[in-house]
Amino acid sequence: MALALLLPLGQARAQGLDIGLVTGNEAALPIAVVPMPYLGTSVAPDTDIGAVIRADLNRSGQFRALSEQDVIEKPIRGSEIKFPTWRVLKQDFVVVGRVLDNPDGGYRVEYELWDVAKQERLLGLAVGGRARGMRDVAHQIADQVYEKILGVRGAFWTRIAYVTANGVGGNIQYALMIADSDGFNPQTVVRSREPLLSPAWSPDGRRLAYVSFERGNSTIYIQEIATGAREVVASFRGINGAPSFSPDGRRLALTLSRTGNPEIYVMDLASKGLTQITRHYGIDTEAVWMADGQSLVFTSDRAGKPQLYQVPAAGGEATRLSFQGDSNAKASISFDGKKIAMAQGNGNVYRIAVLDRSFGGAGRWQTLSPGNLDESPSFAPNASMLLYATKEGSRGVLYAVSADGRVRQRLVLADGDVREPAWSPYRQR
């Protein structure tokens, strides 16, 4: 499955992303996000700030936001909160705020986070933005609330990359897209009549590496998102695939078959110098970096079926990591290196599994997805959630799932085929 590195996408028509929560977590922390009215003298922003914050917190699996229809009082500042009301509603936290005009012509959201039991203010901040950037403002507030309560940086104000296919037969148009972490604000990075594959973010979030067939053979490009400027970094004979930036952004792991067999290489991006990492008659592909940049985790069928292996980033002996399931492929590593997500095959069923190595020994395994053909997992930068691709009927769709598997959310293209998701690093604050 995942070793079919260079297969074209299926047939599809692409439109906007449609979001829907499909499961929930009863153990999550109850939080009320009160609607935040516009109190300025201009035109109110289109974005419902409270609704975006609510959706973000729900999607994380860590919070259970009170539905807007159950918000029976609507204070806009802490001095107006009647704490007995929120205790009756069994809320642990309450967020209040209001939208004001900013002198620069944009808007400013002033908000407060309160602990209901202690009647204590935990946050009181203002976040500014332009009319078109108010979803970003809401995501930043959700991140701040998440971090204050849980002590972990939130990952709502991030982006996702994915590949779409639009059309049928010989008229398929492929596109590499980026969007907000919740699927809103999709933008096209590149379009092609030939397949696009394997998007990978640079650590600063400013560039994407990807595979394109526009030259006839597979070629790896690196593209600046803001300017569209791009360069060819690998167009050798045979396969050029599966790019992955090192944590410092200076190197790229990739799969090349320039000597006849697919092997893992590391390229120094400044000099374009190549170091061959693996030398094996099996197929070695899909290398990703451990967080410390000292080793790579890759997929190989050297034992007969695809499994995950770890190898020093300078080359050397590879160690097998995955022993559960018939096959394991397409690793994604959490920021702390403790968790490895993968597409795990058993018979004809492929699901997303996570190996948590913080438990010691052989680690602890958990299956996070319920589908038959789930693939391409990608961790959020705080490892609180994962994106993955799956099939529903004949079309590809994306899901986000919380790291404990309790909350899943579908991000589907209305009429399209979408796959190969990649979650961005944090944006610069």
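Since the structure is predicted, the reported quantities are computational estimates derived from the model, not experimental observations. (Residues numbered from 1 in each chain as written. Predicted model: local features only at pLDDT ≥ 70, side-chain atom pairs only at ≥ 80, totals over all residues. Heavy atoms only, no water.)

Enquirer: So what's going on with the sheet that holds strand β15 (residues 251–256)? Which residues, and what values?
Expert: Ordered by their spatial adjacency, 4 strands build an open sheet running β14-β15-β16-β17, and the pairing between neighbours is antiparallel. Every interior strand has two partners, whereas the edge strands, β14 (240–245) and β17 (274–276), have only one. Averaged over neighbouring strand pairs, the angle between their axes works out to 25 degrees when direction is ignored. (Pairing = 2+ DSSP bridges. Helix = DSSP H or I, 4+ residues; strand = E, 2+ residues; numbered from the N terminus. Axes fitted to C-alpha atoms, helices over the stretch in contact; angles between N-to-C directions.)

Enquirer: Provide a residue-level description of the layout of surface pockets, including the pertinent values.
Expert: In this approach a probe as big as a water molecule rolls over the atoms, and the regions it shows empty are the leftover space. Its boundaries defined by the atoms lining it, the largest pocket holds a volume of some 990 Å³. Lining the largest pocket are 37 residues; nearest its centre among them are Trp 201, Ser 244, Phe 245, Ile 333 and Trp 423. The set of elements that each furnish at least two residues to the lining of the largest pocket consists of β10 (196–201), β14, β18 (284–289), β22 (327–333), β26 (375–379) and β30 (417–423). (1 Å grid on protein atoms, 1.4 Å probe; cavity = no way out; pocket = protein on both sides within 12 Å on 5 of 7 lines; lining within 4 Å. Points joined across faces, edges and corners; volume = space filled by probe spheres on them.)

Enquirer: Could you give me a rundown of empty space enclosed by the protein, with the residues and numbers involved?
Expert: Taken as a whole and assessed by the stated rule, the structure comprises 1 cavity of 30 Å³ or more. By volume, the largest cavity amounts to about 30 Å³.

Enquirer: Explain the confidence of the model for the chain to me, using residue names and the numbers behind them.
Expert: Summing up the model confidence of the chain, the mean pLDDT is 91 and the portion of residues at 70 or higher is 93%. A low-confidence stretch, residues 1–17 stays under pLDDT 50, and its non-local contacts, those more than four residues away or across chains, total 72 contacts. (pLDDT = per-residue confidence, 0-100. Contact = heavy atoms within 4.5 Å.)

Enquirer: A description of the pairing of strand β19 (residues 295–300) should follow, citing residues and the corresponding values.
Expert: The element β19 is largely enclosed, with a buried count of 6 among its 6 residues. Across the two faces of β19 the burial is the same, with Ser 295, Val 297 and Thr 299 and Leu 296, Phe 298 and Ser 300 all buried. The sheet contact formed by β18 and β19 spans 4 bridges and is antiparallel. The residue of β19 that forms the bridge with Asp 284 is Ser 300. Where β18 hands over to β19, the hairpin turn is made up of 5 residues, of which Gly 293 adopts a positive phi near 75 degrees. As consecutive antiparallel partners, β19 and strand β20 (residues 307–312) are separated by 6 residues, and within that stretch Gly 304 has a phi angle of approximately 115 degrees, a positive value. (Buried < 20%, exposed > 50% of the residue type's maximum accessible area, 1.4 Å probe, protein only.)

Enquirer: Lay out the environment of Thr 158 in plain terms, naming residues and giving numbers.
Expert: If you trace the backbone, Thr 158 turns up in the loop between α3 (134–150) and β7 (159–166). Sequence separation of Thr 158 and Arg 250 is 92 residues, and the distance between their C-alpha atoms is 22 Å. Beyond its immediate stretch of four places on either side in the chain, Thr 158 contacts Ala 179, Asp 180, Ser 181, Pro 381, Trp 423, Ser 424, Pro 425, Tyr 426 and Arg 427. At 2.9 Å, the side chain of Thr 158 forms a polar contact with the side chain of Trp 423. (Polar contact = N/O pair within 3.5 Å; in protein donor to acceptor, adjacent residues only side chain to side chain.)

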